[in-house]
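# Descriptive structure summary
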Amino acid sequence: MASQAEVAAHLFLSDRAIRDLKKLPGAPVPRGRGQYDLDAWRGFYIRYLRAKKGVSEDGSEPEIGGSEAEVNFRLRDAELKVEERAERIAGQRAKRLVFERTYGPLDLITHTVQKAASAVNSRLEALSPRLRQACPDLPPEAFAQLDREIVAACNELAEIEPDLSDYAEGSGEGGDPWAVDFEEAPPD
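Because the structure is a prediction, the values reported are computed rather than measured.

Cut-offs applied
Residues numbered from 1 in each chain as written. Predicted model: local features only at pLDDT ≥ 70, side-chain atom pairs only at ≥ 80, totals over all residues. Heavy atoms only, no water. Phe/Tyr/Trp six-rings, centres within 6.5 Å; stacked < 30°, edge-to-face > 60°. Helix = DSSP H or I, 4+ residues; strand = E, 2+ residues; numbered from the N terminus. Buried < 20%, exposed > 50% of the residue type's maximum accessible area, 1.4 Å probe, protein only. Salt bridge = Lys/Arg side-chain N within 4 Å of Asp/Glu carboxyl O. pLDDT = per-residue confidence, 0-100. Contact = heavy atoms within 4.5 Å. Axes fitted to C-alpha atoms, helices over the stretch in contact; angles between N-to-C directions. Parallel < 35°, antiparallel > 145°, perpendicular 65-115°, else oblique.

## Points about the packing of aromatic side chains
One pass over the structure, following the stated rule, counts three aromatic pairs. Taking 6.1 Å as the distance between ring centres and 25 degrees as the angle between the ring planes, the aromatic pair formed by Y45 and Y48 counts as stacked. Here Y45 pairs with Y48, and both are found in helix α3 (residues 38-53), just three residues apart, close to one helical turn. A relative accessible area of 16% places Y45 in the buried class. Here Y48 falls in the partly exposed class, since its relative accessible area comes to 28%. Each residue in the set Y36, W41 and F44 is aromatic and connected to the rest through ring pairs, giving one cluster.

Here it is, written out as structure tokens:
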């Protein structure tokens, strides 16, 4: 014999769910105060779940009635509902990623990085001539070293490519950067 809380734990339900089930016809009655039979409750709960799902006592699924056209219509309707749900989930995930600022148009990001590198490159190339005008008394070795450093920095800027592999899953394979496979995304 077990208490209501023990029955709930045994069936992986809450106490509230057991109280609701006790109101149904055929629910096991306690033999005394808090004296519930676990086997009777397990059997009752299995019958309740089968009835809720529409499975008969022998475990067979009910036949889908109607003509072949009706059956095809029901199947297509079910497929559409699944597709709509998948689209809704994908849309919600995309909105969340945009809101969290962890997802965006990768072409725009790449273009912005290239523009920034170009602007810095232009400033660096103009630095040496301006410094020669401002400080003509600096030795030529200093200007040569400065020119070498500017060329090295400009070369590094030209090679900068943003690493977008972690930015949005599925976008690093040359396809559309917004085409992310939401079904393979890790759960949060």
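Now that the structure has been shown, the text picks up again.
## Considering the pattern of salt bridges
When the charged atoms of two side chains with opposite charge come close together, those side chains can pair. Applying the stated criterion across every chain, the model contains five salt bridges. Linking D147 and R132 is a salt bridge whose minimum nitrogen-to-oxygen distance equals 2.8 Å. Highlighted residues: D147 in helix α6 (residues 140-158) and R132 in helix α5 (residues 106-134), separated in sequence by 15 residues. Residue class for D147 comes out partly exposed when judged on its relative accessible area of 26%. According to the relative accessible area criterion, R132 is partly exposed, its value standing at 38%.

## Here we look at the confidence of the model for the chain
With 75% of its residues at a pLDDT of at least 70, the chain reaches an overall mean of 78. Between residues 170-183, whose pLDDT stays under 50, and residues either more than four places distant or in other chains, the model counts 21 contacts.

## Some remarks on the packing of helix α2 (residues 15-22) against α3
Viewed as axis vectors pointing N to C, α2 and α3 meet at an angle of 80 degrees, and their least axial separation amounts to 12 Å. In terms of their interaxial angle, α2 and α3 are classed as roughly perpendicular. When α2 is examined against α3, the residues I18, L21 and K22 are found in contact with a partner set consisting of W41, F44, Y45 and Y48.

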